[in-house]
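Observations on chain architecture
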Amino acid sequence: MQQKLKDAGYNCIATNANGTATQQTTDIENLVQQGCKVIVVLNGDTDGLSNAVKEAAAKGVRILSVESGYIPGISAYFAKNDFALASTMYMMLAGEMGYVGEIICLGHHDHPAIRARVDVQEAMLKELTNIKCVNRVTTGYPGTQELAYNGVESALQQNPNVKTIWCTFDLEALGAAKACEALGKKDIKIVGADGEIDVLYMIRDGKYIIATSVADLEATTNDVVATIGKLCAGDKVDMFHEMPYIMITKDNVDEWIKRTEAYLAESKN
């Protein structure tokens, strides 16, 4: 995104809050003081940023939210339709188990995307009455893998007949898969989201995780840059911009491993 903004002729200042809402709030306040006309908030905390966004908008700054959900005062937000994504994830797992049996659900309520996926878990379980959630593991960030591992390990020891584990994203899926491996549970299936390289390897090798997903960040970034241009020109823009997503399974995982390894190598350089 930084490169595309520079290529479009914008003076781009980038900050990194390392996933901390408090620091991201400070960053927004500092960027306003520096005279930024447009601020793009990437994957922040909806509630934690509300006051900073409101104050920035009151000063005439345009704010775009990318994977941070809707925050009052923003001009546009870009997000995967997490309700649709979650439906795809969990219907895939429900099909794998023949729509009957015991499952473990993971998730938390600290991020809008994860909340949406948890909401879909609960809604689908009301409809698919032959599937029973025997344990709900609450995770968080950071420390997701450890929380998932510990919670799933304990849940599996108490519920040895679990068929699938309904995670909300890849870090949970990795922790859950490692717990299954530690207990010798070879037939449990898991779906994640985000395209972590270790998850891609598991999909390739047929180990626990059968699918994940990635957002089409190229298309999304192009949309963000175009929207900034419209805002600067005084044009009206749509509030919601859907980020396309791609499901990764064994059928196309080799392509995504190659792309991800190339990206990681380039990032190191």
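Let me begin by describing the structure that accompanies this report. Just so you know, these numbers come straight off a predicted model, no measurement behind them. (Residues numbered from 1 in each chain as written. Predicted model: local features only at pLDDT ≥ 70, side-chain atom pairs only at ≥ 80, totals over all residues. Heavy atoms only, no water.)

The subject of this paragraph is the pattern of salt bridges. Under the defined criterion, the tally for this structure stands at five salt bridges. Of the charged contacts in the structure, one is a salt bridge between R204 and D205, with a shortest N-O distance of 2.9 Å. A relative accessible area of 35% means that R204 is categorised as partly exposed. (Salt bridge = Lys/Arg side-chain N within 4 Å of Asp/Glu carboxyl O. Buried < 20%, exposed > 50% of the residue type's maximum accessible area, 1.4 Å probe, protein only.)

Attention shifts here to helix α6 (residues 144-158). Given 3.6 residues to a turn, an α-helix orients residues that are three or four positions apart in the same direction. Given a rise of 1.5 Å per residue, 15 residues ought to cover 21 Å, and the 21 Å separating the end C-alpha atoms of α6 matches this to within 8%. Those residues of α6 not exposed but buried are T144, A148, G151, V152, A155 and L156. End-on view of α6: buried residues confined to an arc of 130°, all on one side of the axis. Relative to its buried face, α6 has exposed residues pointing more than 90 degrees away, namely E146, Q157 and Q158. Those residues of α6 hidden inside the fold are in contact with β4 (101-107), β5 (131-138), β6 (162-166) and α7 (170-182). (Helix = DSSP H or I, 4+ residues; strand = E, 2+ residues; numbered from the N terminus. Expected span 1.5 Å × (residues − 1). Arc of directions from axis to C-beta. Contact = heavy atoms within 4.5 Å.)

So, on to the nonpolar core. In this structure, I104, L106, V152, I165, I190 and I209 are the most contacted members of the largest nonpolar core, which totals 34 residues. Breaking this core down by element, the ones donating at least two residues are β4, α5 (112-127), α6, β6, α7, α8 (197-205), β8 (209-215) and α10 (253-268). Take this core: its biggest share by element is seven residues, from α7. In this view, I165 contacts L93, I104, L106, V152, A176, C180, I188, K189, I190 and V191; residues no more than four positions away in its chain are not counted. (Core = buried A, V, L, I, M, F, W, Y, C linked by side-chain atoms within 4.5 Å.)

Take it as geometry only, folks, not as evidence of what the structure does.
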